[in-house]
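# Descriptive analysis of the structure
Take a look at the letters that make up each chain.
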Amino acid sequence: MKPRNIAVLMILPCLALVACGDGDRAERLKAAGPNPSLDALMRVADADAGGRTFGQCLACHTIGKGELDRAGPNLHAIMGKPVAGGSARYGYTAALERIGGHWDRATMSRWLTSPQRFAPGTKMTYAGLADPLARADVIAYLEREGRSR
Ligand code: HEC
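Now for a description of the structure that goes with this document. Since the model is a prediction, treat every value here as computed from it, not as a measurement. Sequence order sets the numbering: in each chain, residues are counted from 1 along the sequence as written. Owing to the predicted nature of the model, reporting of local features is limited to residues with pLDDT of at least 70; listing and counting of side-chain atom pairs is limited to 80 or more, with chain, interface and lining totals taken over all residues. The side-chain values count all of the structure's non-hydrogen atoms but skip hydrogen atoms and water molecules.

### A short note on the coordination of the iron atom of the ligand
- Within the first shell, the iron atom of the ligand binds the protein through His61 (NE2) and Met124 (SD), at distances of 1.9 to 2.1 Å.
- Any nitrogen, oxygen or sulfur atom within 2.8 Å of a metal ion counts as a donor, with the limit raised to 3.2 Å for Na, K and Ca, and since water is left out, coordination shells can look unfinished. Every angle between 85 and 135 degrees makes a four-donor site tetrahedral, while opposite donors more than 155 degrees apart, with all other angles between 65 and 115, make a four-donor site square planar and a six-donor site octahedral; other sites are irregular. For the iron atom of the ligand, the six donor atoms in the first shell make angles of 84 to 179° at the metal, so the coordination geometry reads as octahedral. In this pair, His61 sits in the loop between helix H4 (47-53) and helix H5 (94-97) while Met124 sits in the loop between helix H7 (115-118) and helix H8 (132-147), placing the two residues 63 residues apart along the sequence. Of the two residues examined, His61 and Met124, each falls in the buried class. Secondary structure elements are taken from DSSP: a helix is a run of H or I of four residues or more, a strand is a run of E of two residues or more, and numbering for both begins at the N terminus. Throughout, exposure labels follow a simple rule: accessible area from a 1.4 Å probe, protein chains only, divided by the maximum for the residue type, with under 20% read as buried, over 50% as exposed, and the rest as partly exposed.

Quick look at the structure:
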């Protein structure tokens, strides 16, 4: 192989990293200040980064308006809706139904940290997002997506 082709092969993964990576993560965390609250994290949250993390959720969830439920309920415009109230057609567990209240930012952040701790017995078999900024990003994505259409 020509040296030039080898160089191109080495550069391509770097370009992909810049395009797909969360390059400004350190700056955003710095801007949020030490031990940031959820409010502070939401001020620096990035809905695009959240959309990429939401790729993990797509195995079980759709997000477009009117899309069908999968293993989990459709999540269109879920923010502000009652807990276990996102999809009228979906069969929620009693574990989630007995939580009550609405999906505000604080509630969503706790749920996404650990679904099993938030609602013991839930059938959402997702380990959770330990990173607070990643959770804020996903919440920003859910909010933005809910405003679309
Ligand atoms: C392995 C499948 C699976 C994955 C992955 C998954 N979920 Fe779920 N999700 C479920 C199931 C199943 C439920 C219903 C839980 C119940 O009834 O106990 C649910 C419920 C929910 C609800 C409650 C909706 C409502 O109507 O109240 C939200 C919000 C949610 N998931 C968000 C997410 C997000 C965000 C991610 C990704 C970070 C994710 N889920 C990843 C399966 C999954």
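After presenting the structure, the write-up continues.
### Side note on the nonpolar core
- Counting 32 residues, the largest nonpolar core has Phe54, Ile78, Leu96, Trp103, Met108, Trp111 and Leu142 as the members making the most contacts within it.
- Elements that contribute at least two residues to this core include exactly helix H3 (38-43), helix H6 (105-113) and H8.
- Among the elements that make up this core, the one with the highest residue count is H8 (eight residues). To define a nonpolar core, start from buried Ala, Val, Leu, Ile, Met, Phe, Trp, Tyr and Cys residues and group those joined through side-chain atoms within 4.5 Å.

### Examining the environment of Cys60
- Inspection of the secondary structure puts Cys60 in the loop between H4 and H5.
- Residues Cys60 and Met124, spaced 64 residues apart in sequence, show a C-alpha to C-alpha distance of 8.9 Å.
- Aside from chain neighbours lying at most four places away, what touches Cys60 is Arg70, Ala71 and Gly72. When checking whether two residues touch, look at their non-hydrogen atoms; a contact exists if any pair is within 4.5 Å.

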